[in-house]
Amino acid sequence: MTSVTLTAESITLQIDGKDISCRSGETILQVARENNIDIPTLCFLEGLTVWGGCRLCMVEIAGSPKLHAACATTCAEGMAVSTTSPRLKEYRKMIVEMLFAERNHVCSVCVSNGHCELQNMAVKLEIDHVRFPYRFPRLEVDNSHDYMRLDQNRCILCVRCVRVCGEIEGAHTKDVKGRGVLAAIIHDLDQPWGESQTCTGCGKCVNVCPTGALTQRGTAVGEMTKKTDFLPYLTLMREAKS
Amino acid sequence: MKPEELVSMMEKARADSAAFKHEIRVCTESGCMSLQSDTLLKTLGDEVKSRGMTDKVHVKGVGCMGLCCNGPLVKADAAMYQFARPENASAIVEGLSTQPVAELLCDLQQPFFTRQKLVVRENSGNVDPESLIDCIAHGAYQALLKVLTTMTPQQVIQEISDSGLRGRGGAGFPTGLKWATVSKAGGSTKYVICNGDEGDPGAFMDRSVMEGDPHRVLEGMAIAAYAVGAENGVIYVRAEYPLAVKRLTKAINLARRHELIGHNIFGTKFSFNVELRLGAGAFVCGEETALIASVEGKRGVPRPRPPYPANYGLFGCPTLINNVETYANVAPIINKGAAWFAQIGTEKSKGTKIFALTGKIKNTGLIEVPLGMPLRDIIYDIAGGVPDGKEFKAVQTGGPSGGCIPAELLDITVDYESLAKAGSIMGSGGMIIMDETSNMVDVARFFMEFCMTESCGKCVPCRVGTYEMHELLDRICEKRGTPEDLQLLKDLCDMVKQTSLCGLGQSSPNPVLSTLRYFEHEYLDLVKQAQAAHGDQSHAATGEHIELEVLP
């Protein structure tokens, strides 16, 4: 008898009625994107660990009563995934509306206007109004750093900045304080950014931020553009080196 | 410790306590201690000493006796005293040799005591939780000895599976199945964790078990560790339970000193170490993945499952997480057998459950009853009904994740299935009773406020959804709500339930959903009142609640 070792087992599944094959261990989101099936996300960013916080990538899997986050669910043989349904569309709209209601997102005066993932998501999901009561919190703008700025009013707590700071830069300057709607991004032990001893000033956090929460200073309305595509290359280069 | 030493220690301790003619037990748990039961204990000791009766009377502090509303409780031989104060000490000691003190007597024949079935709490109120010797005299560590010397891990898991024990933390997952999953998981290092992060409003069952009989929890964990092949255990207790922390610390130290935990327990190959970790009181840390993150020293937020802790838990190792009460059920099952345990309770819910009775009820305190008891018997027989001639309205079970059960459903039985069918959950065992004066929308708002402040903030539906639901409930309560607000509230409940990351978010709409199910007229009444007060206009058109702020 000969034994066969399967290193990369292949799996076939259906996404939105389309037959697709993938490697075992791949997530639904990865496979869907490889096959040009769009699943909206905000907290996910290729090159960072999966967070599963924005809940925009929720999909239906046939036979399961629950919804599943596509970014955190690995594919299984014979799975039938549905990424769009009236229910999912409605939930996604509600989630993005809630983000707008949570803090003070005023696009017309934002440096990221026109280059903002939250704004683009709202356009994509055809949101024309917010049905929830606005919270209008009074929030701080941390302007203490020499060339970067944190505006809590525009933060959606996707914690991409926290992850990139800890996982890629290795500084772990950023973290989260507080609970619930009072949670907020902090530097070191909740110090002004400019006084941080650990921040290397690399600027990765600014580039991964989906909104105008983390920006370069000296930018005016609509001038802030982000480069989020450096991460996969960085990860690839590190893997090649090691 | 050698197996023979445990037996000789037990026999000696029993002979020692039999040498006393009288025994006085004083409840020294948080409830009674807040009424100076610790002073009472000391005064009783002094009284006995001053009368020169130290060789005849044994005075000791014990765990909870259940009827907390009448505390401090004192058991003097066969008599139970209630509302005992330090100044009654002399009369109580006097009463030992003459007649019991009539004005303090508590009737032990009332249904509150007679209708209970004590399995987990059988030693609570009998043993001194701070004395290992006393616990051993009452049979502590006998089950561990039996397991280590006569049973294989597979046999232990089989015994737990056969007993039908289900997780007492809330969800009711079969304990035997969980143990089997962890035991089959690969990896040389495994952990067992005891979840003592009890945070539901009005719940104090686990606190009582940890304060009243800590060795039983340790023994249960050691047996679980043997069954799944773990060598390390962690007890996660919230720092708001200082007495439980103190008693557990002492219990761990004593057990370690007597080699009941540590290397080569009872001379076998099995080693087990336990560490105590304190939580800072975040409710979400009762969720298993958040608890693991907290133990690891990280921010206590949940992560998506799978992978489940059974495969990927503490520090990435297979981890067994059970509730305090679940572990406390293990030793009796091993000692008396799975068949004995399985005959208590119902078809699918075996054994007993501790409930914490609070709210508008005559007897507040802790009870342990067989699963499947009708809710009516618990409320009216054991708990004595609603005081001041008021009408019973609803009982909230399962904490902020649970729901309200109205008076018309009082005849349902209390077990996992029927509570779920009624739109509530068993939860960890809190029961908050409400009378006719409670407004159910206000009740829903209270629980939503709890969920809002306890949401960790990781996922959007829970973080913002609980805030928005609370805001809408607040509007409706304050008679500012519109029919649209009510519809939006319903939509939000559905969305938060479906899309949230962890159990806290997924179950946070339950208090709203269950009150909507049985008391929708109260919501509609408030909305109608709002419309009558403001005309048939929305709150926005009335000009109130619009706060314009200058944006940065």
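Residues numbered from 1 in each chain as written. Chains lettered and ligands numbered in written order. Predicted model: local features only at pLDDT ≥ 70, side-chain atom pairs only at ≥ 80, totals over all residues. Heavy atoms only, no water.

### Here's the deal with the overall build of chain B
A tally of regular secondary structure across chain B gives 22 helices and 16 strands. Whereas a compact globule of 552 residues would reach a radius of gyration of roughly 24 Å, chain B reaches 25 Å, a difference of no more than 12%. Overall size of chain B, expressed as C-alpha extent along the three principal axes, is 80 × 60 × 50 Å. For chain B, the residues scored as buried account for 61% of the 552 residues in total. Taking the contacts inside chain B whose residues are at least 6 apart along the sequence as the reference set, 72% of them involve residues at least 24 apart. Surface summary for chain B: the accessible area is close to 20,500 Å², and the carbon and sulfur share equals 52%. The average position of the 55 basic charges and that of the 66 acidic charges among the side chains of chain B differ by 5 Å. (Helix = DSSP H or I, 4+ residues; strand = E, 2+ residues; numbered from the N terminus. Rg over C-alpha atoms; globule rule 2.2 N^0.38 Å. Buried < 20%, exposed > 50% of the residue type's maximum accessible area, 1.4 Å probe, protein only. Contact = heavy atoms within 4.5 Å. Areas by Shrake-Rupley, 256 points an atom, 1.4 Å probe, with all protein chains shown as cover. Lys, Arg positive; Asp, Glu negative; His and termini not counted. Charge placed at Lys NZ, Arg CZ, Asp CG, Glu CD.)

### Let's talk about the pattern of salt bridges
By the definition in use, this model includes 44 salt bridges over all chains. Of the charged contacts in the structure, one is a salt bridge between R23 of chain A and E26 of chain A, with a shortest N-O distance of 3.7 Å. A salt bridge links K124 of chain A to D38 of chain A; the nearest nitrogen and oxygen atoms lie 3.0 Å apart. Here the residue K124 of chain A occupies a position in helix α3 (residues 117–124), and D38 of chain A occupies one in the loop between α1 (28–34) and β3 (58–61), the gap between them amounting to 86 residues. A network of salt bridges, in which partner residues are shared, links D442, R445, D474, E478 and R480 of chain B. (Salt bridge = Lys/Arg side-chain N within 4 Å of Asp/Glu carboxyl O.)

### Observations concerning the packing of aromatic side chains
With the rule as written, the count across this model stands at nine aromatic pairs over all chains. Centroid distance Y134 of chain A to F136 of chain A: 5.4 Å. Interplanar angle 15°. Geometry classified as stacked. Judged by relative accessible area, Y134 of chain A falls into the partly exposed class, the value being 39%. Measuring from ring centre to ring centre gives 5.1 Å for F446 of chain B and F447 of chain B, while their planes differ by 80°; the resulting arrangement is edge-to-face. Looking at F446 of chain B, the relative accessible area reads 44%, which means it is partly exposed. Judged by relative accessible area, F447 of chain B falls into the buried class, the value being 2%. Chaining the aromatic ring pairs together yields one cluster made of Y226, F270 and F272 of chain B. Above the ring of Y467 of chain B, the side-chain terminus of R135 of chain A is found at 5.5 Å from the ring centroid. (Phe/Tyr/Trp six-rings, centres within 6.5 Å; stacked < 30°, edge-to-face > 60°. Lys NZ or Arg CZ within 6 Å of the ring centre and 35° of its normal.)

### What to know about the interface of chain B and chain A
Facing the 36 residues of chain B at the interface are 36 residues of chain A. Contact between chain B and chain A buries roughly 3,000 Å² in total, counting both sides, with carbon and sulfur atoms accounting for 62%. Where chain B touches chain A, the interface holds two salt bridges. One salt bridge in this structure joins E454 of chain B and R179 of chain A, with 3.4 Å as the shortest N-O distance. Taken together, the elements giving at least two residues each to the side of chain B that touches chain A come down to α18 (440–454), α19 (460–477) and α20 (483–499) of chain B. Its residues assigned to classes, the side of chain B that touches chain A comprises 18 nonpolar, seven polar and 11 charged. (Buried area = accessible area lost by both parts, 1.4 Å probe. Nonpolar A, V, L, I, M, F, W, Y, C, P; charged D, E, K, R; others polar.)

### Section: unusual backbone geometry
Residues and elements named next belong to chain B. Between R305 and the following residue, P306, the backbone shows a cis peptide bond with an omega angle of -10°. Its location among the elements puts P306 in the loop between α13 (288–295) and β9 (319–323). Residue P306 is joined to P307 through a cis peptide bond whose omega torsion reads 5°. As for its position among the elements, P307 is in the loop between α13 and β9.

### A look at the side chain of K60 of chain B
All names here are of chain B. Structurally, K60 can be placed in strand β2 (residues 57–62). For K60, a relative accessible area of 3% corresponds to the buried category. Those residues in contact with K60 that lie beyond four places of it in its chain are E23, I24, R25, V26, L41, N126, V127, D128, D134 and H138.

### Observations regarding helix α22 (residues 510–534) of chain B
When the terminal C-alpha atoms of α22 of chain B are compared, their 30 Å separation across 25 residues is substantially less than the 36 Å that a helix rising 1.5 Å per residue should span. Where α22 of chain B bends most, at F519 of chain B, the angle is about 95°. (Expected span 1.5 Å × (residues − 1). Bend = angle between axes of the 7 residues up to and from the residue.)

### Some words on the packing of α19 of chain B against α20 of chain B
All names here are of chain B. Remark: α19 packs on α20, axes separated minimally by 10 Å, with the N-to-C direction vectors making an angle of 155°. Taken together, the axes of α19 and α20 lie roughly antiparallel to each other. With respect to the hand of their crossing, α19 and α20 are arranged in left-handed fashion. Contact residues: P461, G465, E468, M469, L472, L473, R475 and I476 in α19; D485, L486, L488, L489, L492, C493, M495, V496 and T499 in α20. Looking at the contact of α19 with α20 residue by residue, the classes come out as 12 nonpolar, two polar and three charged. (Axes fitted to C-alpha atoms, helices over the stretch in contact; angles between N-to-C directions. Parallel < 35°, antiparallel > 145°, perpendicular 65-115°, else oblique. Left-handed = near helix turned anticlockwise from the far one by under 90°.)

### What to know about the sheet that holds strand β5 (residues 105–106) of chain B
Residue and element names in this part refer to chain B. Ordered by their spatial adjacency, five strands build an open sheet running β2-β1-β3-β4-β5, and the pairing between neighbours is mixed. Since the sheet does not close on itself, it has two edges, and those belong to β2 and β5, each with one partner. With six bridges joining them, strand β1 (residues 22–27) and β2 adopt parallel strand pairing. Bridging from a neighbouring strand, V26 pairs with G61 of β2. Packed onto the sheet, helix α3 (residues 37–50) meets β1, β2 and β3 (74–76) and runs at close to 170° relative to β2. Here helix α4 (residues 89–97) sits on the sheet and contacts β1, β2, β3 and β4 (79–81); the angle it forms with β1, its principal contact strand, is near 150°. (Pairing = 2+ DSSP bridges.)

### Concerning the sheet that holds β3 of chain A
Residue and element names in this part refer to chain A. In spatial order, the strands read β2-β1-β5-β3-β4; together these five strands make up an open sheet with mixed pairing. Two strands bound the open sheet, and with one partner strand each, they are β2 (18–23) and β4 (67–69). Here the average twist between neighbouring strands, direction ignored, is 40°. Looking at chain direction, strand β1 (residues 10–15) and strand β5 (residues 80–82) are connected through two bridges and run parallel. The residue bridging Q14 from the neighbouring strand is A80, located in β5. Seen against the sheet, helix α2 (residues 86–102) touches β3, β4 and β5 and runs at an angle of roughly 160° to β3.

### A closer look at the packing of helix α4 (residues 160–169) of chain A against helix α6 (residues 230–241) of chain A
All names here are of chain A. Two numbers describe how α4 lies on α6: the axes approach to 12 Å, and their chain directions differ by 20°. Here α4 is positioned roughly parallel relative to α6, judged by the angle of their axes. For the pair α4 and α6, the crossing hand works out as left-handed. Together, V164, E167 and I168 of α4 and L231, L234 and R238 of α6 make up the contact between the two elements.

### Here's the deal with the nonpolar core
Counting residues in each nonpolar core, the largest one holds 117 residues, and the members touching the most others are I28 of chain A together with Y523 of chain B. Core analysis: the second largest hydrophobic core is formed by 76 residues, I160, V209, A328 and I333 of chain B among them. (Core = buried A, V, L, I, M, F, W, Y, C linked by side-chain atoms within 4.5 Å.)

### Remarks on the domain arrangement of chain B
Partitioning chain B into structural domains gives domain 1 (17–108), domain 2 (139–342), domain 3 (352–425) and domain 4 (441–534). For domain 1 of chain B and domain 4 of chain B, the distance between their C-alpha centroids amounts to 48 Å. (Domains from an automatic or database assignment.)

### Notes on the pairing of strand β7 (residues 148–151) of chain A
Residue and element names in this part refer to chain A. Alternating positions in β7 separate into two faces, M148 and L150 on one and R149 and D151 on the other, with burial throughout. When strand β6 (residues 141–142) meets β7, the two strands line up antiparallel, connected through two bridges. Residue V141 lies in a different strand from β7, and its bridge partner there is D151. Where β7 meets strand β10 (residues 214–216), three bridges bridge the pair, whose relative direction is antiparallel. Bridge assignment links M148 to a residue of β10, and that residue is Q216.

### Focus: the domain arrangement of chain A
All names here are of chain A. One can read the domain layout of chain A as domain 1 (10–84) and domain 2 (89–228). The centre of domain 1, based on its C-alpha atoms, is set 26 Å off from the matching centre of domain 2. In total, about 1,600 Å² of surface goes out of reach between domain 1 and domain 2, with carbon and sulfur atoms giving 63% of it. For domain 1, the biggest contributors to the area lost against domain 2 are L42, L48 and L56; these three give 39% of the whole. Counting across the domain 1 and domain 2 interface gives one salt bridge. Viewed at the interface, domain 2 and domain 1 are joined by nine residue pairs in polar contact (both at pLDDT 80 or more). Partitioned by chemical class, the residues of the side of domain 1 that touches domain 2 number 15 nonpolar, five polar and two charged. (Polar contact = N/O pair within 3.5 Å; in protein donor to acceptor, adjacent residues only side chain to side chain.)

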